[in-house]
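Close look at the chain arrangement
These are the residues of each chain, in order.
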Amino acid sequence: MAKINLAVLFGGQSSEHEISCLSVMTVAGNLDTEKYQPLLIGITKEGRWLKVDSLEQVQDGTWRESPVRVLFSPDAEMKGVLLQEGDSVTYQPVDVVFPVLHGKWGEDGTVQGLLEMAKIPYVGCGVLSSAVSMDKLSTKILVDTLGIRQATYVPVYAPELEDMEAVARWVEERLSYPVFVKPSNAGSSRGVSKARNRQELEAALHLAAGEDSKILVEEAIVGRELECAVLAGEDVQVSGVGEILSAAEFYDYEAKYSNPDSRTVVDPELPEGKAEEIRQDAAAIFRMVDGLGLARVDFFLENGTNQVVFNEINTLPGFTSISMYPMLWAARGIPVPELVERLIQTAYLRR
């Protein structure tokens, strides 16, 4: 029986490029090679698509020196890629795609749109759900209709920062310090900072504007950071709840990936009924954005009130060795190889 040609995309042009290179080690390293013929396609920060021969090249970074360019065609009859090395061009068919891409130009509906045009099945959420979930402001507007509590927020647009005094006053009229300032489109907490006063607010707004032209300023929710995983094919399955124990004041990029004192706890002790509430909210939010395949949904459990507060949804969460998504499913009896296989199967359910 012929093997299935599976293209695995990684790297990308976003600020989460390095995390994607770690995630692909887990995904590609747990493929059933008796069933699949993998084609590793690395996307450099500059946007070059390259054929990668081995995970060893991903690990040592030499994949970026590959002489073979990959031309991914949106031609719906082609259903494959062209491999170009010098003057030589060859065709390679692609049956299904696993985009292990985080952040902009990968998790935001752009790559998904290319694959829709090419009519090639792919793992993960579609164009609309990817774009909406990547944009924090759009997600908040949708979740508002569900009646699920989330942090009070004020949208700010980068051109408005020319009159910083007016923006700061507008924020201060609606929110009390401290506040969190976030780019609407960014991942792994890139560009996110906490502001305790006017001076820090202005600096935080400029930092966030470096990531996106649309910015959210949110009330600071003090509480436990909780996450659950969604695996959705013909039905929506939700994992147990995990807890983030950040070594920093909040779970920023450095705390996630560089600080060894940050920890994740699977199945922490929670007040009665709260784990099920979080699971139900996660499923409702996933359905609201029309999700498919996978997502990680993040919440707070507010100190003092024990209220569940929605934070954000990630439609292609980290798949590294310390990532919560695969850990939560492993705790539910689904090891990584089985999880990867189940996710690939969801690609064929797309309508």
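So, here is what we can say about the structure in this document.

Cut-offs and rules
- Residue positions within a chain follow its written sequence, with the count starting from 1.
- Local features in this predicted model are restricted to residues whose pLDDT is 70 or higher, and side-chain atom pairs enter the listing and the counts only when it is 80 or higher, whereas totals over whole chains, interfaces and linings include all residues.
- Only hydrogens and water are set aside when side-chain values are computed; all heavy atoms of the structure are taken into account.
- Strands are runs of DSSP state E lasting at least 2 residues, helices are runs of H or I lasting at least 4, and numbering of each runs from the N terminus.
- Only C-alpha atoms enter the radius of gyration, while the globule expectation follows 2.2 Å times N to the 0.38, with N the number of residues.
- With a 1.4 Å probe rolled over the protein chains alone, any residue whose accessible area is under 20% of its type maximum counts as buried; one over 50% counts as exposed, and the rest are partly exposed.
- By definition in these notes, contact holds between two residues if any of their heavy atoms fall within 4.5 Å.
- Here the open area of atoms and residues is found with the Shrake-Rupley method and a 1.4 Å probe, where only the protein chains shown may cover a residue.
- Residues counted as positive are Lys and Arg, residues counted as negative are Asp and Glu, and His and the chain ends are not counted.
- Charge positions are represented by NZ for Lys, CZ for Arg, CG for Asp and CD for Glu.
- The nonpolar core is taken to be a set of buried Ala, Val, Leu, Ile, Met, Phe, Trp, Tyr and Cys residues, with the residues joined through side-chain atoms within 4.5 Å.
- Here a strand pair is declared whenever DSSP counts at least two bridges between the two strands.
- A fitted line through C-alpha atoms represents every axis, and for helices the fit uses only the stretch in contact; the resulting angles, taken between N-to-C directions, go from 0 to 180 degrees.
- Throughout this description, a polar contact denotes any pair of N or O atoms lying within 3.5 Å of each other; where both atoms belong to protein, one of them has to be capable of donating a hydrogen while the other can accept it, and for residues adjacent in sequence the pair is counted only when both atoms sit in side chains.

As a further point, take the overall build of the protein chain. Helix and strand content of the protein chain: eleven helices and 16 strands. Compactness check: the protein chain gives a C-alpha radius of gyration of 21 Å against a globular reference of 20 Å for 351 residues, within 12% of the reference. Expressed as lengths along the three principal axes of its C-alpha atoms, the size of the protein chain is roughly 60 × 50 × 40 Å. A burial count over the protein chain gives 53% of its 351 residues as buried. Once local pairs closer than 6 in sequence are excluded, the contacts in the protein chain between residues at least 24 apart make up 65%. Carbon together with sulfur atoms contributes 49% to the accessible area of the protein chain, which is approximately 15,300 Å² in total. Separation between the mean location of the 32 positive side-chain charges and that of the 52 negative ones in the protein chain comes to 2 Å.

Turning to the nonpolar core, a few remarks are in order. Of all hydrophobic cores here, the largest spans 33 residues; its most connected members are F98, Y325 and L343. Contributing elements (two or more residues each) for this core: β1 (4-11), α1 (17-29), β2 (36-43), β7 (96-99), β12 (223-232), α10 (324-331) and α11 (336-346). If you tally residues by element for this core, the top one is α11, at five residues. When neighbours within four sequence positions are excluded, L343 is seen to be in contact with F98, V123, L231, G293, L294, F319 and Y325.

Strand order in the open sheet formed by four strands is β8-β11-β9-β10, with antiparallel pairing between adjacent strands. Edge positions in the sheet fall to β8 (153-157) and β10 (193-195), since each has one partner strand and no second. Taking the axes of each pair of neighbouring strands and ignoring which way they run, one obtains an average angle of 25° across the sheet. Of the strands in this sheet, β8, β9 (179-183) and β11 (214-219) touch helix α5 (residues 136-144), which is tilted by about 145° from β8. Helix α6 (residues 164-174) rests against β8 and β11 of the sheet, and its axis sits at about 170° to β8.

As a further point, take the environment of K45. Tracing the backbone shows K45 in the loop between β2 and β3 (49-52). Each C-alpha atom, one on K45 and one on L328, is 30 Å from the other, the two residues being 283 residues apart in sequence. Leave out the neighbours within four places in its chain, and K45 touches G12, Q13, H17 and E18. Here E18 takes part through its side chain, which lies 2.5 Å from a polar atom of the side chain of K45.

Within the open sheet, the five strands sit side by side as β14-β13-β12-β15-β16. Their pairing is antiparallel. Each edge of the open sheet carries a strand with a single partner, namely β14 (263-266) and β16 (308-314). Pairwise comparison of adjacent strand axes, ignoring direction, gives a mean angle of 30° for this sheet. Judged from the ten bridges that link them, β12 and strand β15 (residues 293-302) form a sheet pairing that is antiparallel. Note on β15: the bridge partner recorded for A229 is R296. Set on the sheet, helix α9 (residues 274-288) makes contact with β12, β13 (236-245), β15 and β16; between it and β13 the angle comes to about 120°.

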